[in-house]
Amino acid sequence: MREAIRISLAKMRANCGGPFGAVVVRQGKIVGRGWNQVTSTNDPTAHAEVTAIRDACRRLKTFQLDDCELYTSCEPCPMCLAAIYWARFKKVFYGNTRQDAARINFDDAFIYREVARPIARRKIPMKQLLRPEALTAFTEWLEKADRIAY
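Residues numbered from 1 in each chain as written. Predicted model: local features only at pLDDT ≥ 70, side-chain atom pairs only at ≥ 80, totals over all residues. Heavy atoms only, no water.

(A) Seen up close, the side chain of Asn36. For Asn36, the position within the fold is in the loop between strand E2 (29–35) and helix H2 (38–41). With a relative accessible area of 8%, Asn36 lands in the buried category. A polar contact of 2.9 Å, which involves the side chain of Asn36, links it to the backbone nitrogen of Gly18. One polar contact links the side chain of Asn36 to the main-chain amide nitrogen of Val38, over a distance of 3.3 Å. Beyond its immediate stretch of four places on either side in the chain, Asn36 contacts Cys16, Gly17, Gly18, Phe20, Ala46, His47 and Ala48. (Helix = DSSP H or I, 4+ residues; strand = E, 2+ residues; numbered from the N terminus. Buried < 20%, exposed > 50% of the residue type's maximum accessible area, 1.4 Å probe, protein only. Polar contact = N/O pair within 3.5 Å; in protein donor to acceptor, adjacent residues only side chain to side chain. Contact = heavy atoms within 4.5 Å.)

(B) Geometry of the sheet that holds strand E4 (residues 91–96). The strand order across the open sheet formed by four strands is E2-E1-E3-E4, and the pairing between neighbours is mixed. One side of each edge strand has no neighbouring strand; the edge strands of this open sheet are E2 and E4. Strand-to-strand twist in this sheet, taken as the mean axis angle between neighbours without regard to direction, amounts to 15°. In the sheet, strand E1 (residues 21–26) pairs with E2 via six bridges, with the strands oriented antiparallel. Directly across from Arg26, in E2, lies its bridge partner Lys29. Sheet contacts for helix H1 (residues 2–13): E1, E2 and strand E3 (68–74); angle to E1, the most-contacted strand, approximately 150°. (Pairing = 2+ DSSP bridges. Axes fitted to C-alpha atoms, helices over the stretch in contact; angles between N-to-C directions.)

(C) Representation of the packing of helix H3 (residues 48–60) against helix H4 (residues 78–87) within the structure. Between H3 and H4, the least distance of the axes is 8 Å, while the angle of their chain directions is 25°. It follows from the interaxial angle that H3 and H4 lie roughly parallel. In this structure, H3 contributes Glu49, Val50 and Ile53 to the contact, and H4 contributes Met79, Cys80, Ala83, Ile84 and Ala87. Residue classes in the contact of H3 with H4 are distributed as seven nonpolar, no polar and one charged. (Parallel < 35°, antiparallel > 145°, perpendicular 65-115°, else oblique. Nonpolar A, V, L, I, M, F, W, Y, C, P; charged D, E, K, R; others polar.)

Following this line, the structure appears as structure tokens:
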């Protein structure tokens, strides 16, 4: 956890992004590091947890981290929480809470509320298009003999 906090401070002070850091640990060894790079890379998905997951997966040559733990300087936002579940971590440790983040203007409460709403009631309009054409890829996926399940 101290390394995640150290990264959050160092990278924030270097103007790499917001005050967030994360590390992925496997068998007691750090195998991935990440920090908030939203403003430095113009990538709204470049949160500390996501960049740490990307780093660990690249190093370990895998897309699942089910034998790893994540240490992050702040309770994960909804996007990062989803990424954590997709990566299948066995455990997550965090420092600051989402309320702490809200106090410094990183408030994810709106997103948590939006996710729970029916699609028709969300702030950003969403409309389904070309489902029959889109289903072609899903049908082929089911028939693909060499697919890698995840």
